[in-house]
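Residues per chain, in single letters:
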Amino acid sequence: MSLLVVGSVAYDSVTTAAGSRTDSLGGSALYFSASASYFTNVSLVAVVGEDFSEADRKTLSTREVDISGLETAKGETFRWEGIYNTKNLNSRETIETQLNVFANFSPSLAKNNISHPCLFLANIDPVLQHEVLTQMNPKPRIVALDTMDYWINDHKDNLSKTIENVDVLFMDETEIKSFTSKPNIFSAAQAVRDMGPRLVLVKRGEYGAVMFNEGDVFSVPAFPVEDVIDPTGAGDSFAGGFMGYLSNMNDFSPETLRRAAVIASVMGSFTVEGFSTDRVGKLTRLEIEDRFRGIAGMTYFKPLENQEELFSKTN
Ligand code: AMP
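Bear in mind that the values here come from a model prediction, so they are computed numbers and not experimental data.

Draft legend 1. Structural context of the overall build of the protein chain. Of the regular secondary structure elements, the protein chain holds 10 helices and 13 strands. Expected size for 315 residues packed as a compact globule is a radius of gyration near 20 Å; at 19 Å, the protein chain falls within 12% of this value. Summarising its shape, the C-alpha atoms of the protein chain cover approximately 75 × 45 × 40 Å along the three principal directions. Sequence separation of 24 or more characterises 64% of the internal contacts of the protein chain that already satisfy a separation of 6 or more. Of the accessible surface of the protein chain, which amounts to about 14800 Å², a share of 48% is contributed by carbon and sulfur atoms. The protein chain carries 28 positive and 42 negative side-chain charges, and their two centres are separated by 4 Å.

Draft legend 2. Examining the packing of helix 9 (residues 254–271) against helix 10 (residues 285–299) more closely. Closest axis-to-axis distance for the helix 9/helix 10 pair is 9 Å, and the angle between their directions is 120°. When the axes of helix 9 and helix 10 are compared, the pair comes out oblique. You can see that helix 9 and helix 10 cross each other, and the crossing is right-handed. Of the residues in helix 10, those in contact with Arg 259, Val 262, Ile 263, Ser 265, Val 266, Met 267, Ser 269 and Phe 270 of helix 9 are Glu 287, Ile 288, Arg 291, Phe 292 and Ile 295. Considering only residue class, the contact of helix 9 with helix 10 consists of 8 nonpolar, 2 polar and 3 charged.

Draft legend 3. Structural view of unusual backbone geometry. Put simply, Asn 137 and Pro 138 share a cis peptide bond, and its omega is 0°. Among the secondary structure elements, Pro 138 is positioned in the loop between helix 3 (126–135) and strand 9 (142–146). Unlike most non-glycine residues, Arg 63 shows phi in positive territory, near 50°. By secondary structure assignment, the location of Arg 63 is in the loop between helix 2 (54–60) and strand 5 (66–72). The phi torsion at Ser 276 lies on the positive side, around 50°, for a residue other than glycine. Take Ser 276: its relative accessible area is 7%, and that puts it in the buried class.

Draft legend 4. Spatial organisation of the sheet that holds strand 4 (residues 42–48). One open sheet holds the 9 strands; their spatial order is 5-4-1-8-9-10-11-12-13, and the pairing between them is mixed. Because the sheet does not close on itself, it has two edges, and the strands there are strand 5 and strand 13 (216–220). Strand-to-strand twist in this sheet, taken as the mean axis angle between neighbours without regard to direction, amounts to 15°. Sitting on the sheet, helix 3 is in contact with strand 1 (3–6), strand 8 (118–121) and strand 9, with an inclination near 165° to strand 8. Seen against the sheet, helix 8 (residues 234–249) touches strand 1, strand 8, strand 9, strand 10 (168–172), strand 11 (199–203) and strand 12 (209–213) and runs at an angle of roughly 145° to strand 11.

Thresholds, definitions, all that
- Residues numbered from 1 in each chain as written.
- Predicted model: local features only at pLDDT ≥ 70, side-chain atom pairs only at ≥ 80, totals over all residues.
- Heavy atoms only, no water.
- Helix = DSSP H or I, 4+ residues; strand = E, 2+ residues; numbered from the N terminus.
- Rg over C-alpha atoms; globule rule 2.2 N^0.38 Å.
- Contact = heavy atoms within 4.5 Å.
- Areas by Shrake-Rupley, 256 points an atom, 1.4 Å probe, with all protein chains shown as cover.
- Lys, Arg positive; Asp, Glu negative; His and termini not counted.
- Charge placed at Lys NZ, Arg CZ, Asp CG, Glu CD.
- Axes fitted to C-alpha atoms, helices over the stretch in contact; angles between N-to-C directions.
- Parallel < 35°, antiparallel > 145°, perpendicular 65-115°, else oblique.
- Left-handed = near helix turned anticlockwise from the far one by under 90°.
- Nonpolar A, V, L, I, M, F, W, Y, C, P; charged D, E, K, R; others polar.
- Buried < 20%, exposed > 50% of the residue type's maximum accessible area, 1.4 Å probe, protein only.
- Pairing = 2+ DSSP bridges.

Rendered as structure tokens:
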């Protein structure tokens, strides 16, 4: 099944313990498509400004990502600046968000983009996410959404309306607690599931992620990475691995969903090993498979045999 992503394409200025980069190619749709394109055919809808370079356009379209839905508008490309806490890479501060061309963007899907069976509404204004969703015809088989604190804090009503219409929600731990005003991820995920989405993935940075699906709770660790260069985009690449694999499999069984969550974690782990898509954009299949096996090994344990008991000591 083909996969459509609508989200941001950005110039990011990022400072981490490893250094800093100014105006490097970023955005939720970039990271998502870079990751998903290893598994399926991806089409991208976004807007950039007249300052967007030809070289960056080429990077966006690597591995045959269809960028015919990338609009160029008058003005400057979206810009985001963030600084990571040098002692805790799970924590970052947004210094500046310049919506620029996104401020007046009204996505109008071309014919070739309205009928993808899988849709990912990456982090952008929830009103734009909703506009894209309503243009899809027929309704996609699966619709997923990601967002961030910027939209949760100041656009909560619009965000809630969009979330009610999606099947899968990605949020990080701090975001889902703040969005639902719940004190832990279990009650927060349930509150979101009560709004509409049947599947909720809570991202927890270096502690991995937890997936909530009906009665099924699945916890996946992060693949251990010692040299984290830049965590930006890890969440979008996580979602890209998840949705890319699902759209390739065309199957939403609990086993496939669990595998998709492991692939998501693998793809997030590559993104943090470089600025922009330096690392996640240049992977071999073998590298992806190795980390998939690595996580399988990390999480395996021998279940109890039929009559075996946990307590051999008799009281
Ligand atoms: P992540 O680290 O997965 O949360 O994604 C970071 C990416 O999201 C960066 O490349 C930013 O350009 C992009 N981004 C940051 N703020 C926003 C926003 N308010 N709307 C859309 N995209 C954003």
